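Here is how the chains run, residue by residue.
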Amino acid sequence: MFAAVAFNSTGIYMNFKKTGVALAIAVSALAAGSVQAATVNAGTISGSYSTVFNVAQGVSFADTVNFSIASPSTLTGTAASLKLNFGSLSLLDIAGLTVNVWNNSHPFGTTNFGSFAGGTGSYTFNLPTAGDYHVDITGTATGAFGGTYAVGLQVAAVPEPETYAMLLAGLGVMGAIARRRKQNAA
């Protein structure tokens, strides 16, 4: 007999005092929505977007998030798997989590803007034109109950050349004002 601690959706912990049945039921509920491949259409992203995928045990997956941007942008992406262990038993885990950033909607990508390994930080890519893009996420669910992972995308518009010209003009005006003040003080 042992006690397992779990948190419900409000963050309040529940104490299960029975056999491993309580823990197995909780983990099975997470794995019940497992998919082997999924495509999510995120629409036009102008800020942050995130989604979570569940994968059945032993399945190699190739999931996709399609999205659009309204103007040339910088995309920052992250991906991380939920690792859940019970002693030495791996209940939820993903191996080889990799993300690739492509132009066009899946499966019509022709230009790969780069890739990154999940769980190793965030990566930034320049997306040069408005339009459709997608990320392909691959890996294998190695936990006894499969795996769960999340993908986050952050889009920031790249300033247009006119913005830089206005910035330089403003700096020039500020320099002229400072020079004039210095001459008047002397």
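Figured I'd write up the structure that's included with this text. This structure is a prediction, so every number in the text was calculated from the model and none was measured.

**Side note on the sheet that holds strand E11 (residues 123–127)**
Right, so step 1: The strand order across the open sheet formed by four strands is E4-E13-E6-E11, and the pairing between neighbours is antiparallel. Edge positions in the sheet fall to strand E4 (48–55) and E11, since each has one partner strand and no second. When strand polarity is set aside, the average angle formed by the axes of neighbouring strands in this sheet is 20°.
Right, so step 2: In the sheet, strand E6 (residues 73–82) pairs with strand E13 (residues 147–157) via 10 bridges, with the strands oriented antiparallel. Its bridge partner lying in E13, Thr78 is registered against Gly152.

**Quick word on a nonpolar patch on the surface**
Right, so step 1: On the surface, a cluster of nonpolar side chains totalling about 320 Å² of accessible area is made up of Leu167, Leu168 and Leu171.
Right, so step 2: Checked against the element boundaries, Leu167 lands in helix H2 (residues 161–185).

**A closer look at the pairing of strand E12 (residues 131–141)**
Right, so step 1: Taken together, the 10 bridges between strand E5 (residues 60–69) and E12 define a ladder with antiparallel strand orientation. Within the sheet, the bridge partner assigned to Thr64 lies in E12 and is Asp136.
Right, so step 2: In the sheet, strand E9 (residues 94–103) pairs with E12 via eight bridges, with the strands oriented antiparallel. Residue pairing for E12: Val101 is matched across the bridge by Val135.

**Some details on unusual backbone geometry**
The general pattern is negative phi for most residues beyond glycine and trans for most peptide bonds.
Right, so step 1: In this chain, His106 is followed by Pro107 through a cis amide linkage whose omega measures 5°.
Right, so step 2: Its location among the elements puts Pro107 in the loop between E9 and strand E10 (112–117).

**Section: the packing of aromatic side chains**
Right, so step 1: Following the criterion strictly, the structure yields six aromatic pairs and no others.
Right, so step 2: Residues Phe61 and Tyr149 carry aromatic rings whose centres are separated by 5.1 Å and whose planes lie at 20° to one another, so their mutual orientation is stacked. Taken together, the positions of Phe61 in strand E5 and Tyr149 in strand E13 put the pair 88 residues apart, joining distant regions of the chain. Tyr149 shares its class with Phe61; the two are buried.
Right, so step 3: Put simply, the rings of Phe53, Phe61 and Tyr149 touch in pairs and so form one group of aromatic residues.

**Examining the pairing of E13**
Right, so step 1: Sheet topology note: the E4/E13 ladder contains eight bridges and is antiparallel. From the neighbouring strand, Tyr49 faces E13, where its bridge partner is Leu153.

**Overview of the side chain of Asn103**
Right, so step 1: Within the secondary structure, Asn103 is located in strand E9.
Right, so step 2: A residue is classified by how much of its surface remains accessible, and Asn103, at 14% relative accessible area, is buried.
Right, so step 3: Within the structure, the side chain of Asn103 is placed 2.7 Å from the backbone nitrogen of Thr110, a separation counted as a polar contact.
Right, so step 4: A distance of 2.7 Å separates a polar atom in the side chain of Asn103 from the backbone nitrogen of Thr111.
Right, so step 5: Ignoring anything within four residues of it in the chain, the contact list for Asn103 reads Phe108, Gly109, Thr110, Thr111, Phe113, Asp132, Tyr133 and His134.

**Here's the deal with the pattern of salt bridges**
Right, so step 1: Considering all chains together, one arrives at one salt bridge under this definition.
Right, so step 2: The partner of Lys83 in a salt bridge is Asp93, and the shortest N-O contact between them spans 2.7 Å. Taken together, the residues span a long stretch of sequence, with Lys83 in the loop between E6 and strand E7 (84–86) and Asp93 in the loop between strand E8 (89–92) and E9 at a distance of 10 residues.
Right, so step 3: Lys83 gets classed as exposed once you look at its relative accessible area, which sits at 53%.

Criteria and thresholds
- Residues numbered from 1 in each chain as written.
- Predicted model: local features only at pLDDT ≥ 70, side-chain atom pairs only at ≥ 80, totals over all residues.
- Heavy atoms only, no water.
- Pairing = 2+ DSSP bridges.
- Helix = DSSP H or I, 4+ residues; strand = E, 2+ residues; numbered from the N terminus.
- Axes fitted to C-alpha atoms, helices over the stretch in contact; angles between N-to-C directions.
- Patch = residues over 30% accessible without salt bridge, like charges linked within 9 Å, V, L, I, M, F, W, Y side chains within 5 Å.
- Areas by Shrake-Rupley, 256 points an atom, 1.4 Å probe, with all protein chains shown as cover.
- Salt bridge = Lys/Arg side-chain N within 4 Å of Asp/Glu carboxyl O.
- Phe/Tyr/Trp six-rings, centres within 6.5 Å; stacked < 30°, edge-to-face > 60°.
- Buried < 20%, exposed > 50% of the residue type's maximum accessible area, 1.4 Å probe, protein only.
- Polar contact = N/O pair within 3.5 Å; in protein donor to acceptor, adjacent residues only side chain to side chain.
- Contact = heavy atoms within 4.5 Å.

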